[in-house]
Amino acid sequence: MERPTAAVIYVLALVAVVVSVDVLFFRHYFWERLLVNVGIVLVFAAFYLRFVQRS
């Protein structure tokens, strides 16, 4: 897979995970949702820097 295509799929997966967690678990909790979203983005960034960027 080309590098831009992999990045687009990775970002779409990130958005899908964030939105689904928001809707399923934290719909009415603003600060908890914000903290979890930041955590998810940090985990995705760590995996990107560790695995995707090297390929």
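The secondary structure content of the chain amounts to 2 helices and 0 strands. The C-alpha atoms of the chain give 13 Å as radius of gyration, which overshoots the globular expectation for 55 residues (10 Å, by more than 25%). If one aligns the C-alpha atoms of the chain with their principal axes, the spans along those axes are about 40 × 15 × 10 Å. Within the chain, the fraction of its 55 residues that count as buried is 13%. Put simply, the chain shows about 4600 Å² of open surface, and 74% of that area lies on carbon and sulfur atoms.

Now for helix H2 (residues 30-52). Between its terminal C-alpha atoms H2 stretches 31 Å, which fits the 33 Å expected from 23 residues at 1.5 Å a residue. Within H2, the full set of buried residues consists of Asn-37, Ile-40 and Phe-44. Tucked inside the fold, the buried residues of H2 contact helix H1 (3-25).

With that out of the way, let us pick up the nonpolar core. With 5 residues, the main nonpolar core is built from Leu-14, Val-18, Val-21, Ile-40 and Phe-44. Sorting the residues of this core by element identifies H1 and H2 as the ones contributing at least two each. The element contributing the most residues to this core is H1, with 3 residues. Not counting chain neighbours up to four residues away, the residues in contact with Leu-14 comprise Ile-40, Val-41 and Phe-44.

Let's shift gears to the environment of Leu-42. For Leu-42, the position within the fold is in helix H2. Owing to a relative accessible area of 57%, Leu-42 belongs among the exposed residues under this scheme. Between the alpha carbons of Leu-42 and Tyr-29 there is a distance of 20 Å; along the sequence they are 13 residues apart.

Below, the discussion takes up the packing of aromatic side chains. By convention here, two paired aromatic rings are described through the distance between centres and the angle between planes. Scanning the entire structure with this criterion turns up 4 aromatic pairs. Taken together, a centroid distance of 5.0 Å and an interplanar angle of 80 degrees make the contact between Phe-30 and Trp-31 edge-to-face. For Phe-30, a relative accessible area of 47% translates into the label partly exposed. One aromatic cluster is present, built from ring pairs that chain together Tyr-10, Phe-44 and Tyr-48.

Calculation notes
Residues numbered from 1 in each chain as written. Predicted model: local features only at pLDDT ≥ 70, side-chain atom pairs only at ≥ 80, totals over all residues. Heavy atoms only, no water. Helix = DSSP H or I, 4+ residues; strand = E, 2+ residues; numbered from the N terminus. Rg over C-alpha atoms; globule rule 2.2 N^0.38 Å. Buried < 20%, exposed > 50% of the residue type's maximum accessible area, 1.4 Å probe, protein only. Areas by Shrake-Rupley, 256 points an atom, 1.4 Å probe, with all protein chains shown as cover. Expected span 1.5 Å × (residues − 1). Contact = heavy atoms within 4.5 Å. Core = buried A, V, L, I, M, F, W, Y, C linked by side-chain atoms within 4.5 Å. Phe/Tyr/Trp six-rings, centres within 6.5 Å; stacked < 30°, edge-to-face > 60°.

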